[in-house]
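# Structural overview
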Amino acid sequence: MTAHSRTGQHIYYVGDAFDADAPVSTGLTHAKLNNLVHLHDMSSQHRINWFQTGDLNPLAVNANDATDWYFLGRWTFPWSFAIDGWLRQPVLVVDGYGNGGTLTVRAVISPFGEANVLRGGVQVMGANHDAFLTVEDSTTSSTSGQIIYYPVIETGTWQTDKADMMQRMRDSGMRSFSTPNNPTDDEPVGVVVPTLALELWAQYDADSEINDASVTRVSLREFVGP
Amino acid sequence: MTAFVKSSHEVTIPNPKETHYPVYAGAPVRGKDWQRMADVANSIAGIPVQRVPVTYIDQQVSAGGSVTLEFRSASQGTATHRVWTVQFQAPGAAVVGTVQGEDFSYNTGPAEISVIESQTRGSSSDALTLTVTVDAASPAVARILFVSCYDLPRGELQADTTDYGVAQTSCARHAAIIDQGAGESVRGVDQAIAQLETRLRRNMLQWSTTTNGILGLSATDSTTFQELGGSIVLAPSFEAAATRAAETWAYASGNGEVRISALSGDSVTIAFASGSYTWTQGSDLDVAAENLANTGGTNPDGTQEQVLIEYRSTDGNTFGVRGVSLIGG
């Protein structure tokens, strides 16, 4: 495959009006250009993929907590930008299990998480625990079956709030994802990693016979959006 | 810590906020400026991969003790460092120890400890080992709740056949279209895309436990499959494929099998016949690709792809499982 025209009589330059009939072949086809966008889609990552193992029931909600919001857990993780520069949309999937009653799960996704400075010039910006995005869903379990629901974070909500989030990042002096650091010999080359935190809370509206309910799976991933 | 010296051949990764050029099938590929394409390729190559999505561990480390967790995951081939994050439960007393050899201490919790570790730029599915130790003098037991690991992004790439960064200026207007191999001109973009197609992976599921948490079958257990658990995964969408092949791995010891079944239909069984724990790769598992046309990427029927993980002894003797991995392609 010839990638240039040096063997010919004319050197072509970027911007020249050559076309498919010209004696220049770069190997870069239309299909490959399309692949470049697909590849960017593929770079969206799974951030949380936790599932209950065996009889372990770590995210259980005791029926005694029926009327309170019960804190299940909090996890921080990095987050990617989409090709347009905005943060990618999250998709959260939570499964629950119980023997009667209603299990309600509240998910809160907030920017940055704990103030966390990693060595090597990679900084996660300081504590900001404002509720950023909250989804809430509930379902009633059967007596013996597993309940599954998908509190997918809607595009509209995310888009409304993400502008605010981006502004916070700028106000905080956070450098663009693309801005390179100035590495020294003992620092890794890296860039700022925007970090989000997910909190899960649950409320179990059980009947008096009391059986605990639990969250059995939590999956969070980035999505490029429809 | 690996030193990284900046050279004159490094390529700065630009802001990924790019404008797409319209590309029409059948029309000649033409552009006044190819720099943006180089920018996008560089951005993708620098994006970090989540090596281990946040996974539940729930194992404790006694004072003076040490535990290891085994994972299998892929990198995109350009990251030079990765970050381990370990979440500990509140101990009620001071805990001092190391994570990957780096000191940590805390006395309130839950506490998240992050350490950076250098790595080779492998693009295959690497075996990763996380080691957590607690000092003998610590008055409290450390309980590991969650573990995750992600690659650090690259702010600068080498314009060579390792990183396949593309020099932006070589694609700028009036730059000569030349064939100098990787890192330059439109040909460099072409080569970068070819590499990214091979390297870019999505680590979908990584489960691990310590030697204290082995999910094992004793000699008195039956040889029927036992459910280890299951999780929700989705394959990357690529070229509108309905399914994508995912690598399957398991870390087990004894004579037995680990079976991974996708809700969409495919199933893979990994056989073991070793007296020591080893990573064994099974056949690829076809998992449903997410549908970019639907909110949330659900399948056409509105469901999310799931996998079920099971294991069994094949001779009635002890068979233990310490790790399972699913790596999307």
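Our subject is the structure that appears above.
Residues numbered from 1 in each chain as written. Chains lettered and ligands numbered in written order. Predicted model: local features only at pLDDT ≥ 70, side-chain atom pairs only at ≥ 80, totals over all residues. Heavy atoms only, no water.

### Details of the overall build of chain B
The condition that has to hold: By the criteria applied, helices consist of DSSP H or I runs no shorter than four residues and strands consist of E runs no shorter than two, each listed in order from the N terminus. Exposure classes here rest on a 1.4 Å probe applied to the protein chains alone. A residue is buried below 20% of its type maximum, exposed above 50%, and partly exposed in between. Note on definitions: a residue-residue contact is assigned when non-hydrogen atoms from the two residues lie within 4.5 Å. Throughout, the Shrake-Rupley method with a 1.4 Å probe supplies accessible areas, and for residues the shown protein chains are the sole cover considered.
Counting its secondary structure elements, chain B contains 2 helices and 18 strands. Counting across all 329 residues of chain B, residues that qualify as buried make up 57%. Across chain B, every contact between residues at least 6 apart in sequence was considered, and the portion connecting residues at least 24 apart equals 78%. Working note: accessible area of chain B is about 11,900 Å², and carbon and sulfur atoms make up 46% of it.

### Re the overall build of chain A
The helix and strand inventory of chain A stands at 2 helices and 11 strands. Listing each helix as α and each strand as β along chain A from the N terminus yields α-β-β-β-β-β-β-β-β-β-α-β-β. Among the 226 residues that make up chain A, the fraction classed as buried is 55%. In chain A, the share of contacts with a sequence separation of at least 24, taken over all contacts with a separation of at least 6, comes to 78%. Carbon and sulfur atoms form 45% of the exposed surface of chain A, whose accessible area is close to 9,200 Å².

### A word on the pairing of strand β18 (residues 319–328) of chain B
All names here are of chain B. The test is simple: Strands are labelled as partners when DSSP assigns at least two bridges between them.
By the criterion of burial, β18 is predominantly enclosed, with 10 of the 10 residues buried. Note that strand β11 (residues 202–208) and β18 share 6 bridges and pair antiparallel. Of the residues in β18, the one forming a bridge with Arg202 is Gly328.

### Focus on the sheet that holds strand β6 (residues 102–106) of chain B
Residues and elements named next belong to chain B. Short version of the rule: Inter-axis angles, ranging from 0 to 180 degrees, are taken between N-to-C directions of lines fitted to C-alpha atoms, where helices are fitted over the stretch in contact.
Read across the open sheet, the 4 strands follow the order β3-β8-β5-β6; overall the sheet is antiparallel. The sheet is open, and its two edges are formed by β3 (66–74) and β6, each paired on a single side. Recorded for the sheet is a direction-independent mean angle of 25° between the axes of neighbouring strands.

### Quick word on the pairing of strand β5 (residues 95–99) of chain B
Residue and element names in this part refer to chain B. Among the 5 residues of β5, 4 are classified as buried, and the element is accordingly described as predominantly covered. Where β5 and β6 come together, 5 bridges link them in antiparallel fashion. Its bridge partner lying in β6, Gly97 is registered against Phe104. A loop of 2 residues connects β5 with β6, the two strands running antiparallel in sequence, and Gln100 in this loop sits at a positive phi of about 55°.

### Quick word on the packing of aromatic side chains
What describes a pair of aromatic rings is the distance from one ring centre to the other and the angle between the planes of the rings. Put simply, the rule is: For Phe, Tyr and Trp, where Trp contributes only its six-membered ring, two rings pair if their centres lie within 6.5 Å, and the inter-plane angle classes them as stacked under 30 degrees, edge-to-face over 60, or tilted in between. Our definition puts a charge over a ring when NZ of Lys or CZ of Arg is within 6 Å of the ring centre and also within 35 degrees of the ring normal.
One pass over the full model with this rule turns up 10 aromatic pairs over all chains. Centre to centre, the rings of Tyr56 of chain B and Phe146 of chain B are 4.9 Å apart; their planes meet at 70°, and the pair counts as edge-to-face. Linking Tyr56 of chain B in strand β2 (residues 50–61) with Phe146 of chain B in strand β9 (residues 142–151), this pair joins segments that are 90 residues apart in sequence. Residue classification places Phe146 of chain B among the buried residues on the basis of a relative accessible area of 6%. Members of the aromatic cluster, connected to one another through ring pairs, are Trp50 and Trp75 of chain A together with Tyr56 and Phe146 of chain B. The residue whose ring lies beneath Arg259 of chain B is Phe225 of chain B, and the NZ or CZ to ring-centre distance is 3.9 Å.

### Let's talk about the side chain of Asn203 of chain B
We apply this condition: Two N or O atoms count as a polar contact when they lie within 3.5 Å, although within protein this holds only if one can serve as hydrogen donor and the other as acceptor, and sequence-adjacent residues are included solely when both atoms are side-chain atoms.
Mapped onto the fold, Asn203 of chain B is located in strand β11. Among the polar contacts made by the side chain of Asn203 of chain B, one reaches the main-chain carbonyl oxygen of Gln50 of chain B at a distance of 3.0 Å. At 2.8 Å, the side chain of Asn203 of chain B and the backbone nitrogen of Ala74 of chain B are in polar contact. Apart from the residues lying within four places of it in its own chain, the contact partners of Asn203 of chain B are His46 of chain A together with Val49, Gln50, Arg51, Pro53, Ser73, Ala74, Leu326 and Ile327 of chain B.

### Some details on the environment of Leu36 of chain A
Structurally, Leu36 of chain A is set in helix α1 (residues 30–42). We classify Leu36 of chain A as buried; its relative accessible area is 1%. As a C-alpha pair, Leu36 of chain A and Trp69 of chain A span 33 residues in sequence and 45 Å in three-dimensional space. Every residue in contact with Leu36 of chain A, bar those within four places of it in the chain, is listed here: Met37, Val40, Ala41, Ile44 and Ile193 of chain B.

### A short note on the pattern of salt bridges
Residues and elements named next belong to chain B. Threshold: In the sections that follow, a salt bridge refers to a side-chain nitrogen of Lys or Arg positioned within 4 Å of a carboxyl oxygen of Asp or Glu.
By the definition in use, this model includes 10 salt bridges over all chains. One salt bridge connects Glu310 with Arg259, and the closest N-O pair in it is separated by 2.9 Å. Of the two residues, Glu310 sits in strand β17 (residues 306–313) while Arg259 sits in strand β14 (residues 243–262), which places them 51 residues apart along the sequence. In this structure, a network of salt bridges that share partners links the residues Arg51, Asp126 and Asp151.

### Overview of the packing of helix α1 (residues 35–46) of chain B against helix α2 (residues 185–199) of chain B
Residues and elements named next belong to chain B. Put simply, the rule reads: Angles are sorted into four bins: roughly parallel if under 35 degrees, roughly antiparallel if over 145, roughly perpendicular if 65 to 115, and oblique for all others. Should the near helix be turned anticlockwise from the far one by less than a right angle, the crossing is termed left-handed; should it be turned clockwise, right-handed. Ten residue types, Ala, Val, Leu, Ile, Met, Phe, Trp, Tyr, Cys and Pro, are classed as nonpolar, four, Asp, Glu, Lys and Arg, as charged, and the remainder, Gly among them, as polar.
Following both chains from N to C, one finds α1 and α2 inclined at 30°, their axes separated by 10 Å at the closest point. As the angle between them shows, α1 and α2 are arranged roughly parallel. Judged by the sense of rotation from one axis to the other, the crossing of α1 with α2 is left-handed. Residues Met37, Ala38, Ala41, Ile44 and Ala45 of α1 lie in contact with α2, whose contacting residues are Val189, Ala192 and Leu196. In the contact of α1 with α2, the residues fall into 8 nonpolar, no polar and no charged.

By themselves, these observations are geometric and do not establish any function.
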